[in-house]
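# Survey of secondary and tertiary structure
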Amino acid sequence: MKYLLAVDQGTTSSRAILFDSNAKPVATAQEEFPQHYPQSGWVEHDAEEIWASTLRVMKQAMATANPSAIGITNQRETVVIWDRASGRPIHNAIVWQDRRTADYCLALAADGVEPEVQAKTGLLLDPYFSASKIKWLLDTIPGAREQADRGALAVGTIDTFLLWRLTGGRVHATDWTNAARTMLYDIHHRQWDDALLRLFDIPPGLLPEVCPNTHDFGETDSALFGRAIPIAGMAGDQQAALVGQACFTQGMVKSTYGTGCFMLMNTGTQAVASSARLLTTPAYDIAGDRAYALEGSIFVAGAAVRWLRDKIGLIETSEATDAIARSARDAHGIVVIPAFVGLGAPHWRPDLRGSIHGVTLDTTAADLVRATLESIAFQTRDLTDAMAADGSTRLPTIRIDGGMAKNDWFAQFLADILETPVERPASHETTALGAAVLAGITTGVIADKAEFAAKWQSDARFEVTMPDDQRARHLGEWQSALQRALR
């Protein structure tokens, strides 16, 4: 039996999962790390804490068996700049949720540059993406721009930083799914774009090499694990989940419910330009087979459940939300708008903050918990409506994954609100599995996409059961509250 190690570096934790060649997990290690909030709307990570936690979980998972190769998947858009000589970051990583450059992005949009940016990158001007974060670091950290201009610094999303550290500073590279989230990469010509670099005033010498998802990214420094191990696959977390869900056919859709919610539809070889304010993004490049996707990005999903648990104390565990939601009234009248860090697609309002509508003296804690879960389903419905506006046909099924997907009540409510059956995979670790599959295909441990797709299995399927009038009432309440919030 051969083994593949997936590094899944996420927004709140670092994980390493060892898979066998049949794509079954055999060892898992996970470690949470702190979130840093210097100001309202600012979110940072200490990249050294990310590196230390990643290294520890890799060693723990590898204690079970030696992997043939490593695949990396990561929180996208989060960016770090480091000194090439020492490898030390010049500042905390700025996280994808961070809103500090919102005014700058609004100013760029007012200057009329968004159509050009969208045409090249598939993205809309928003502080979510890396480019404005990089500019902020260069303009704010003393000496950073001068060091960047003379080639002393390197920049990367978290995959790139981990690759640099794992290879002992020998490799400065990324893959095209991560490069595409910087707002500096032309997804059609597959290269860093000079005009965008000038727009954001970013020296090209900062940037990594861009590679396919299945690629020989180098080997780990032998001092780390006692031997050199090939790093053979890399993808941003949402694209890795698309691979892990075996969504290799045009029109297939997956929706991941982690810290945020991200829905991707495979559009095949065509990069579909969205008229409904969705994102056009690379899906994968596997052994020369390239595909694009339409993406809807919701900034807060599982993070809202953690808010219920950690900030306002309505639940003791995330798992408790299933039973609590079942105990709540259906017609509770509460609508939660979870815009804690603004609203993503299709609204793109970084200035909004969370709100609760319809609270009365009769409102219970269970009502608020259920309304919070419902809000994630309602936002997902907004994404499917936007995809329909962009020309997609009625979806036959949606494959879901992530922590919230384990909640049966939520999965059923989601199917009812979307009017589409929902499938949940037998393996809940789809993001990590996607990274392992990429590394496996590169090294021959897995023959190809078709071999893996044949092994994909469903754990549960949730059919549509809600009456039409009940769904209409829910969606009407959501749209009414949403429109008030958007004013």
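For the structure itself, consult the block above.
Residues numbered from 1 in each chain as written. Predicted model: local features only at pLDDT ≥ 70, side-chain atom pairs only at ≥ 80, totals over all residues. Heavy atoms only, no water.

## Topic: the overall build of the protein
We apply this condition: Every helix listed is a DSSP run of H or I at least four residues long, and every strand listed is a run of E at least two residues long, numbered separately from the N terminus. Every radius of gyration here is taken over C-alpha atoms, with the globule rule written as 2.2 Å times N^0.38, N being the number of residues. A 1.4 Å probe rolled over the protein chains alone gives each residue an accessible area, and that area as a share of the maximum for its type sets the label: buried under 20%, exposed over 50%, partly exposed in between. Note on definitions: a residue-residue contact is assigned when non-hydrogen atoms from the two residues lie within 4.5 Å. Every accessible area reported is derived by Shrake-Rupley at a probe size of 1.4 Å, with residue values counting cover from the shown protein chains alone. All tallies of charge rest on Lys and Arg as positive and Asp and Glu as negative; His and the ends of each chain are not included. For charged residues, the charge sits on one atom: NZ in Lys, CZ in Arg, CG in Asp, CD in Glu.
Check the secondary structure of the protein and you find 17 helices and 22 strands. Over its C-alpha trace the protein gives a radius of gyration of 21 Å, about what one expects of a compact globule, namely 23 Å for 487 residues. Counting only residues that meet the buried cut, the protein has 62% of its 487 residues in that class. Residue pairs in contact within the protein that sit at least 24 positions apart in sequence constitute 72% of those at least 6 positions apart. Taken as a whole, the protein presents about 17200 Å² of accessible surface, with 49% of it coming from carbon and sulfur. Placing the 44 positive and 58 negative side-chain charges of the protein at their respective mean positions leaves the two points 1 Å apart.

## Side note on the nonpolar core
For clarity, the cut-off: Among buried residues, those of type Ala, Val, Leu, Ile, Met, Phe, Trp, Tyr and Cys that are joined through side-chain atoms within 4.5 Å constitute a nonpolar core.
Formed by 100 residues in total, the largest nonpolar core has its most connected members in Ile134, Leu184, Tyr257, Ile337 and Phe410. Grouped together as the second largest cluster of nonpolar side chains are 36 residues, Ala61, Phe161, Phe217 and Phe225 included.

## Focus on the side chain of Asn266
How we decide: Two N or O atoms form a polar contact when they lie within 3.5 Å of each other; inside protein one atom must be a possible hydrogen donor and the other a possible acceptor, and for residues adjacent in sequence the pair counts only when both atoms belong to side chains.
With respect to the helices and strands, the residue Asn266 is situated in strand E15 (residues 261-268). There is a polar contact of 2.7 Å between the side chain of Asn266 and the backbone nitrogen of Gly268. A distance of 3.4 Å separates the side chain of Asn266 from the side chain of Tyr284, its partner in a polar contact. Once residues within four sequence positions are removed from consideration, Asn266 is found in contact with Cys247, Phe248, Thr249, Gln250, Gly251, Met252, Tyr284, Ala291 and Tyr292.

## Focus on the environment of Phe378
Its location among the elements puts Phe378 in helix H13 (residues 365-389). Measuring from C-alpha to C-alpha, the distance between Phe378 and Leu414 comes to 8.1 Å, with 36 residues separating the pair along the chain.

## Thoughts on helix H15 (residues 430-443)
Defined as follows: Every helix has an expected span of 1.5 Å times one less than the residues it contains.
For H15, with 14 residues, the first-to-last C-alpha span of 20 Å sits near the 20 Å given by 1.5 Å per residue. Listing the buried residues of H15 in full gives Thr430, Thr431, Ala432, Leu433, Gly434, Ala435, Ala436, Val437, Leu438, Ala439, Gly440 and Ile441. Following H15 by one or two positions, Gly444 adopts a phi angle in the positive range, close to 85 degrees.

## Remarks on the sheet that holds strand E22 (residues 458-462)
The cut-off we apply is this: When DSSP finds two or more bridges between two strands, those strands count as paired. Angular values range over 0 to 180 degrees, each being the angle between N-to-C directions of two axes fitted as lines to C-alpha atoms, with helices fitted over their stretch in contact.
As summarised here, the arrangement of the 7 strands in space is E16-E17-E15-E14-E20-E21-E22, forming an open sheet in which the pairing is mixed. Of all strands in the sheet, those with a lone pairing partner are strand E16 (279-286) and E22, marking the two edges. Each strand of the sheet is rotated relative to its neighbour by a mean of 30 degrees, with strand direction disregarded. Sheet analysis places E15 next to strand E17 (residues 289-298), joined by 7 bridges and oriented antiparallel. Along E17, the bridge assignment pairs Met265 with Leu294. Helix H10 (residues 237-244) rests against strand E14 (253-257), E15, E16, E17 and strand E20 (398-401) of the sheet, and its axis sits at about 55 degrees to E16.

## As for the side chain of Thr281
By the element assignment, Thr281 lies in strand E16. Taking relative accessible area as the criterion, Thr281 reaches 0% and is therefore assigned buried. A distance of 3.4 Å separates polar atoms of two side chains, one belonging to Thr281 and the other to Arg181. Residues in contact with Thr281, not counting those within four places in the same chain, are Arg181, Gln239, Tyr292, Ala293 and Glu295.

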